[in-house]
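As a plain string of letters, each chain reads:
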Amino acid sequence: MSLTAGIIGLPNVGKSTLFNAITKSQVEAANYPFATIKPNVKTVEVPDERVDKLSAMFNPRKTIRTTFEFTDIAGLVRGASKGEGLGNQFLGHIREVDAICHVVRCFDDNTITHVENSVDPKRDIEIVNIELSLADLDTVQNRISKVERKAQSKEKDAVKEYELLLKLKKALEEGKSARSVELNEDEKDIIKSYNLLTIKPVIYIANMSESEVSHPEDSAYYQAVKAIADEENNQVIAITAKTEEELAQLDDEDKAMFLEELGLKSSGLDEIIVSAYSILNLCTFLTVGTDEVRAWTFTKGMKAPDCAGIIHSDFKKGFIRAEVYSYDDIMKYGSEVALKEAGKLRVEGKDYVVQDGDIMHIRFNV
């Protein structure tokens, strides 16, 4: 299940520095616009202490964590929807991702160029969001021109789609996102084919100075980002991209000491990775044994046979049952034997909806 979050924002706000930190890779992070033209894509492990604790308990030969992809996308500028700054190319890269991490500069530094010549998070967010909305408006208007005549002829499917397109057009013309439009289940199915930019879930990332990141609420810049995130019902995470890049190069012990010195409980990067995973309704089930402890990604609401199919297609085809217990229970009882004696091992059939943190043994016959 390969899903990707795209890192976007204006030029020189810290996107590539953040990408370096997330992926422990080295891409160009230069002090001029459009240093990144081709998108960089890297796969990262999703931090999950459950995997570490299960690995310590079962002492397997292999431990495999679930993964997530991040894409570093070049900076957008005013007029991107009309092709400014290679905008059409960059907007196309955003269309290919499943979620958006929108980096916003929230610090002053005269040595780092700002494409708008000043730091103003509210304005910067609006520039990017307007360009995304305008690109979506073009998509919607083009679709309207193809559907309108059929809708006027009372073709049932065309009427439904036309009504949806008009709702989207109204919202986008008002500068709102497609996410803000209330949709029924039929409309949700229709809208998938449009691949709209503003339908994608968003996390705002406030890139702050090292002196302010441990108490972001004291920053007017951060508060401006948070106000927009709250209004849109989105998350905001405060980081210092350069510090996170340095942290990513340390081992766990040194990293913990560095975070303590900064007054932080956890890395901002870990929060970003986990949040990006979460906003796409992704969950984790686990398989355990002396051979392997492994985390598997699934979409919330999936049933046991479909999750079994993530492990191997034969598991879905020949699914008989799943023997299931929770991570919390194995931690409480300390072993599978004790857990079984306590009656905490369940046998689930084809209609069982898998829960985050389930540990499953699949029984199948092909």
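Look a little higher up for the structure.
Scoring rules and cut-offs
Residues numbered from 1 in each chain as written. Predicted model: local features only at pLDDT ≥ 70, side-chain atom pairs only at ≥ 80, totals over all residues. Heavy atoms only, no water. Pairing = 2+ DSSP bridges. Helix = DSSP H or I, 4+ residues; strand = E, 2+ residues; numbered from the N terminus. Axes fitted to C-alpha atoms, helices over the stretch in contact; angles between N-to-C directions. Contact = heavy atoms within 4.5 Å. Buried < 20%, exposed > 50% of the residue type's maximum accessible area, 1.4 Å probe, protein only. Arc of directions from axis to C-beta. Core = buried A, V, L, I, M, F, W, Y, C linked by side-chain atoms within 4.5 Å. Parallel < 35°, antiparallel > 145°, perpendicular 65-115°, else oblique. Nonpolar A, V, L, I, M, F, W, Y, C, P; charged D, E, K, R; others polar.

Trainee: Before we go on, may I ask you to explain the sheet that holds strand β5 (residues 99-106) in this structure?
Mentor: Strand pairing in a sheet takes place through backbone hydrogen bonds and is either antiparallel or parallel in direction. Taken in spatial order, the 6 strands make up an open sheet running β2-β4-β1-β5-β6-β7, and their pairing is mixed. Edge positions in the sheet fall to β2 (40-45) and β7 (235-239), since each of these pairs with one other strand and no more. Direction aside, neighbouring strands of the sheet carry axes that sit 25 degrees apart on average. In this sheet, β7 lies alongside strand β6 (residues 202-208) in parallel orientation, the contact comprising 5 bridges. Looking at β7, one finds that Y204 is bridged to V236.

Trainee: Would you mind showing me how to read the side chain of E292 here?
Mentor: Take E292: it is sitting in strand β9 (residues 292-299). For E292, the residues in contact, after removing those within four places along its chain, are P60, K62, I64 and T287.

Trainee: What am I meant to see in helix α9 (residues 252-262) here?
Mentor: What sets the pattern is the α-helix's 3.6 residues per turn: residues three or four places apart point alike. Taken as a whole, α9 has its buried residues at F258, L259 and L262. One face of α9 carries all of its buried residues, which in axial projection span an arc of 100 degrees. Residues of α9 that are exposed and point over 90 degrees away from its buried face: E253, E260 and E261. At its buried positions, α9 is contacted by α8 (241-247). The first or second residue beyond α9 is G263, which carries a positive phi of 80 degrees.

Trainee: Can you walk me through the nonpolar core in this structure?
Mentor: A general feature of soluble globular proteins is that nonpolar side chains tend to end up buried together. In this structure, L18, F68, F70, I94 and I272 are the most contacted members of the largest nonpolar core, which totals 60 residues. Non-local contacts of I94, meaning those with residues more than four positions away in its chain, are made with I8, I73, L76, I100, L132, L197 and K200. Core analysis: the second largest hydrophobic core is formed by 18 residues, L165, L168, A171 and A178 among them.

Trainee: What is the right way to read the packing of helix α1 (residues 15-23) against helix α10 (residues 268-279) from this model?
Mentor: Helix packing geometry: the angle between the two helix axes and the distance between the axes. It is the contact of α1 with α10, at a shortest axis distance of 10 Å, that shows an interaxial angle of 85 degrees. One element, α1, and the other, α10, form an angle in the roughly perpendicular class. Contacts from L18, A21 and I22 in α1 reach L269, I272 and I273 in α10. Here the residues of the contact of α1 with α10 are counted per class, giving 6 nonpolar, no polar and no charged.

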